[in-house]
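Chain residues, written in single-letter form:
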Amino acid sequence: MSYSSTKKILIIGATGQLGRLCLRVFSSEKYQVLGTGFSRLSSGLVPLDLSKEGQAAEVVSRVRPDIAVICGAMTDVEGCESSREKAFQINLKSPADIAREMKKIPGGKLVFLSTDYVFDGTSGPYDENSLTHPLNIYGESKLEGEKAVLEVSDKNLVVRTTTVYSFQAGGNNFTMQLLKRLSQKEKMLVASDQWATPTYAQDLALALEKLLEVDARGIIHAAGPDFVSRLDFAQEAARILKLDPNLIQGFLTSELKQKAKRPLKAGLRTERLQMVGHLMRGIREGLYDFAENLRKSFIK
Ligand SMILES: NC(=O)c1ccc[n+]([C@@H]2O[C@H](COP(=O)([O-])OP(=O)(O)OC[C@H]3O[C@@H](n4cnc5c(N)ncnc54)[C@H](OP(=O)(O)O)[C@@H]3O)[C@@H](O)[C@H]2O)c1
């Protein structure tokens, strides 16, 4: 493939769990890939703070990518509750600015990552046509972000996901926290009444690649096939990683008195994604791959 037919793709939030994998997956002859970083900026990445009005539009108009993928977000659900304005700037206003800049680029397409927290968790797992009803600021700001991005151009794509996990040295995702705690023989409290469809990050990055290949538009759910509680997921992870599952203690969400309400029966159905021929791994397969990556990290 000649260089002129390669597409320039900008991964916004390339330092996060998903963004890092996107950098890897899209580093092929088909794409010229660039990424942005914020607090974990490293060489080769473009600095971008989505909380600063105007910065996102400035970066996009300078880089002029064919495709932008917004992995960056304010993902701290409790933090969003206490910093509403910042949450809306990062999860709605900057993505809307990026969408407007992408529209000025001929053929420009934007992919916005969203969440099952746009639902209230009374009847999950949800499909793309289910009624949205966010319970907290994080979910509200992401839902408004979705609407803004889709309103600017019908070429754009919203990919909702949930409970993303992966082996990521130095990372802080749920499975990495579990690994750290249980390896140190520390107890871990895990909600027994929060249900979702855990999503292996590597499969999600590959799903994005596939969805771009078929020029998918609108809203698509990309998540794992297993509908499980956080507690069941944590116990399965402990067993596969050969850690002590007895260190995991279940609790009810209502016992924690968190500021942000959590959707309890959430999770996503993925029939639309399956129709484009992409399958996501279940938790056992994903966790075995996680264990393999952990083993390799010891050898390096
Ligand atoms: N993780 C999940 O379980 C989950 C579930 C549902 C939906 N999602 C969605 O999936 C996407 C990817 O999630 P993830 O797990 O990869 O998240 P993550 O690991 O928490 O990464 C967040 C990314 O956002 C960037 N970021 C945070 N604040 C920023 C700011 N002010 N300006 C610019 N960048 C900023 C971070 O940059 P630095 O690292 O450089 O600070 C990082 O690259 C997000 O849109 C999230 O809402 C995730």
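Reading the values: rules and limits
- Residues numbered from 1 in each chain as written.
- Predicted model: local features only at pLDDT ≥ 70, side-chain atom pairs only at ≥ 80, totals over all residues.
- Heavy atoms only, no water.
- Phe/Tyr/Trp six-rings, centres within 6.5 Å; stacked < 30°, edge-to-face > 60°.
- Lys NZ or Arg CZ within 6 Å of the ring centre and 35° of its normal.
- Near = heavy atom within 4 Å.
- Polar contact = N/O pair within 3.5 Å; in protein donor to acceptor, adjacent residues only side chain to side chain.
- Areas by Shrake-Rupley, 256 points an atom, 1.4 Å probe, with all protein chains shown as cover.
- Helix = DSSP H or I, 4+ residues; strand = E, 2+ residues; numbered from the N terminus.
- Nonpolar A, V, L, I, M, F, W, Y, C, P; charged D, E, K, R; others polar.
- 1 Å grid on protein atoms, 1.4 Å probe; cavity = no way out; pocket = protein on both sides within 12 Å on 5 of 7 lines; lining within 4 Å.
- Points joined across faces, edges and corners; volume = space filled by probe spheres on them.
- Salt bridge = Lys/Arg side-chain N within 4 Å of Asp/Glu carboxyl O.
- Buried < 20%, exposed > 50% of the residue type's maximum accessible area, 1.4 Å probe, protein only.

A. View of the packing of aromatic side chains. As enumerated under the stated definition, the model contains eight aromatic pairs in all. An aromatic cluster of three or more residues is present, and its members are Tyr165, Phe174, Tyr200 and Phe233. Directly above the aromatic system of Phe174 lies the positively charged group of Arg230, at a separation of 4.7 Å from the ring centroid.

B. Examining the site of the ligand more closely. Every one of the 27 residues lining the ligand counts as a neighbour, but Thr15, Ser39, Arg40, Leu50 and Tyr138 are closest to it. Interatomic distance of 2.8 Å between a backbone N/O atom of Val164 and an oxygen atom of the ligand. Protein burial of the ligand: of its 910 Å² of free accessible surface, 86% is covered by the chains. Contributions of two or more residues to the shell around the ligand are made by helix H1 (17–25), strand S5 (109–115) and helix H5 (137–152). Per element, the largest residue contribution to the shell around the ligand is three residues, and it comes from S5. In the shell around the ligand, the residues fall into ten nonpolar, 14 polar and three charged.

C. Here's a closer look at the layout of surface pockets. Within this model, the second largest pocket holds a volume of roughly 400 Å³. Residue lining of the second largest pocket: 15 residues in total, with Leu21, Arg24, Phe167, Gln168 and Asn293 positioned closest to the centre. Among the secondary structure elements, those contributing two or more residues to the lining of the second largest pocket are H1 and helix H11 (283–299). Classifying every residue of the lining of the second largest pocket by side-chain character gives four nonpolar, six polar and five charged.

D. Representation of the pattern of salt bridges in the model. Overall, the coordinates contain 19 salt bridges when judged by the stated rule. With a shortest N-O distance of 2.8 Å, Asp215 and Lys109 are connected by a salt bridge. Residue Asp215 is located in the loop between helix H7 (201–213) and strand S11 (218–221), and its partner Lys109 is located in strand S5; the two are separated by 106 residues in the primary sequence. One salt bridge connects Asp215 with Arg217, and the closest N-O pair in it is separated by 2.9 Å. Under the relative-accessibility criterion, Arg217 is labelled partly exposed at 34%. Here the salt bridges do not stand alone but share partners, grouping Lys30, Lys210 and Glu213 into one network.

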